[in-house]
Amino acid sequence: ALAREMPTTATTAPASARKANVVILATGGTIAGAGADASNSATYQAAKVPVDKLIAAVPSLGELANVRGEQVFQIASESFTNAQLVQLAKRVSALLKQDDVDGVVITHGTDTLEETALFLDLVVRSDKPIVVVGSMRPSTALSADGALNLADAVATAASPASKGKGVLVTMNDEIQAGRDVTKRVNIKPSAFTSQWGPLGMVVEGKTYWFRAPVKRHGATSEFDIDAIDTLPEVAIVYGSGNMNPAAYTAAVQGGAKAIVHAGTGNGSVAGYAVDTLKDLRAKGTVIIRSSRVGDGFVLRNAEQPDDQYDWVVAHDLNPQKAKILAAVALTKTSDTKELQRIFWEY
Ligand SMILES: NC(=O)C[C@H](N)C(=O)O
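In the annotation of an unreviewed UniProt entry, the entry for the protein reads L-asparaginase, and the organism field reads Methylobacterium terrae. Taken directly from UniProt, the Sequence similarities (unreviewed entry) text for the protein runs: "Belongs to the asparaginase 1 family."

This is the structure we're talking about:
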């Protein structure tokens, strides 16, 4: 008994006692942006500052975790492609399989941050923390928000309490669910919110939690980036008064396997556009009703007879998130019953 209690030559302390190892994958964005003058909060170039300088600019990161950086891309996030999404997710997956990596932070432009966060949530089969972070002001601006957002991201990635909660986003002191969060304001540090509320907050390097996601993600996902090499084309077509149904046809001619209809209201479809969508469905295109409203959720068979037309509804996912889930789901199935199940579960 005594022998068992004697400490052996411990090379690693228990996870709770040692500092976590966090890798920062940098992809560009405003968090790596630079402007000509401190007054330039909106006029600047994104994706300028390399990852080592981002880390060096926040010395307190070293107190939160053992941090190292990798420059994956140096782009503004509006320029992200499917190929880059796949490359990034494969790198995250590979890192999280390593015993010496406890969590990953991804610095990212904010314009498509919500898409990348959901993508990683769906396809990286790990319980270890993945935190996506950006900033609304470049590092050179007055009251730049990137440094604190990055420190909050590292603190969150290093915290054992973040395990199994899906991909997280730290912006403006809050911890948001990557699945739910969306950019709602295009010019303030408080840009990122979710209709279901933040999961918690980071204050002075400590995480405080109030709720947790219930949708399938991460280790319990049926999708796995290790088995995905390409994503199919999915197009979003925006609904409005007097819309032109030719936009749907053009999307399919451009290679779209599925169309996310960013419908008015509860995903409603203009009466004069219904036949175009029915026709495209009959020829094999998957039709997914979402809403341009952003909040709320689209009800099946409410605005349109989805069962009769064999259409899918996007549940509470906004059009850009529905596009990501559709692309991921289509790597496994094009059966509309299966696709609808996936939209309910994830
Ligand atoms: N705030 C930002 O990061 C915006 C920038 N256009 C980007 O997404 O890369």
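A. Representation of the overall build of the protein. Along the backbone of the protein there are 11 helices and 14 strands. Relative to its length of 346 residues, the protein is compact, with a C-alpha radius of gyration of 21 Å against a globular reference of 20 Å. If you line up the protein on its principal axes, its C-alpha atoms span 75 × 60 × 35 Å. Relative to all contacts within the protein whose residues are 6 or more apart in sequence, the contacts with residues 24 or more apart total 72%. In the protein, 34 positive and 36 negative side-chain charges are present, and the distance between their average locations comes to 2 Å.

B. Geometry of the packing of aromatic side chains. Under the counting rule described, the total for this entry stands at 3 aromatic pairs. Aromatic side chains Phe-73 and Phe-80 sit 5.7 Å apart centroid to centroid with 90° between the ring planes, which places their arrangement in the edge-to-face category. In this arrangement the basic side chain of Lys-165 is found over the ring face of Trp-209, its NZ or CZ atom lying 4.5 Å from the centre.

C. Spatial organisation of the site of the ligand. Near the ligand, the surroundings consist of Gly-29, Thr-30, Tyr-44, Ala-76, Ser-77, Glu-78, Gly-109, Thr-110, Asp-111 and Ser-135. At 2.9 Å from a nitrogen atom of the ligand is found a side-chain nitrogen or oxygen belonging to Glu-78. Between a nitrogen atom of the ligand and a side-chain N or O atom of Asp-111, the distance comes to 2.9 Å. Grouping the constituent residues of the shell around the ligand by class yields 2 nonpolar, 6 polar and 2 charged.

D. Molecular detail of the UniProt feature "domain: L-asparaginase N-terminal" (unreviewed entry) in the protein. UniProt's feature table lists "domain: L-asparaginase N-terminal" (unreviewed entry) at residues 21–213, given in the numbering used throughout. Helix makes up 25% of residues 21–213 and strand 24%, whereas the separation of the span's terminal C-alpha atoms amounts to 25 Å.

E. Broad picture of helix α10 (residues 319–330). Here α10 contains 12 residues, and its C-alpha end-to-end distance of 16 Å stays within 8% of the 16 Å for a straight helix at 1.5 Å per residue. α10 sits mainly inside the fold: 10 of its 12 residues count as buried. Regarding α10, the residues found buried are Pro-319, Lys-321, Ala-322, Ile-324, Leu-325, Ala-326, Ala-327, Val-328, Ala-329 and Leu-330.

F. The arrangement of a nonpolar patch on the surface in detail. Where nonpolar side chains cluster on the molecular surface, the patch consists of Met-201, Val-203, Tyr-208 and Phe-210 and spans about 390 Å² of accessible area. On the secondary structure map, Tyr-208 appears in strand β10 (residues 206–209). What makes Tyr-208 partly exposed here is its relative accessible area of 36%.

Reading the values: rules and limits
Residues numbered from 1 in each chain as written. Predicted model: local features only at pLDDT ≥ 70, side-chain atom pairs only at ≥ 80, totals over all residues. Heavy atoms only, no water. UniProt positions renumbered as here; feature names shortened; annotations may be inferred. Helix = DSSP H or I, 4+ residues; strand = E, 2+ residues; numbered from the N terminus. Rg over C-alpha atoms; globule rule 2.2 N^0.38 Å. Contact = heavy atoms within 4.5 Å. Lys, Arg positive; Asp, Glu negative; His and termini not counted. Charge placed at Lys NZ, Arg CZ, Asp CG, Glu CD. Phe/Tyr/Trp six-rings, centres within 6.5 Å; stacked < 30°, edge-to-face > 60°. Lys NZ or Arg CZ within 6 Å of the ring centre and 35° of its normal. Near = heavy atom within 4 Å. Polar contact = N/O pair within 3.5 Å; in protein donor to acceptor, adjacent residues only side chain to side chain. Nonpolar A, V, L, I, M, F, W, Y, C, P; charged D, E, K, R; others polar. Expected span 1.5 Å × (residues − 1). Buried < 20%, exposed > 50% of the residue type's maximum accessible area, 1.4 Å probe, protein only. Patch = residues over 30% accessible without salt bridge, like charges linked within 9 Å, V, L, I, M, F, W, Y side chains within 5 Å. Areas by Shrake-Rupley, 256 points an atom, 1.4 Å probe, with all protein chains shown as cover. Salt bridge = Lys/Arg side-chain N within 4 Å of Asp/Glu carboxyl O.

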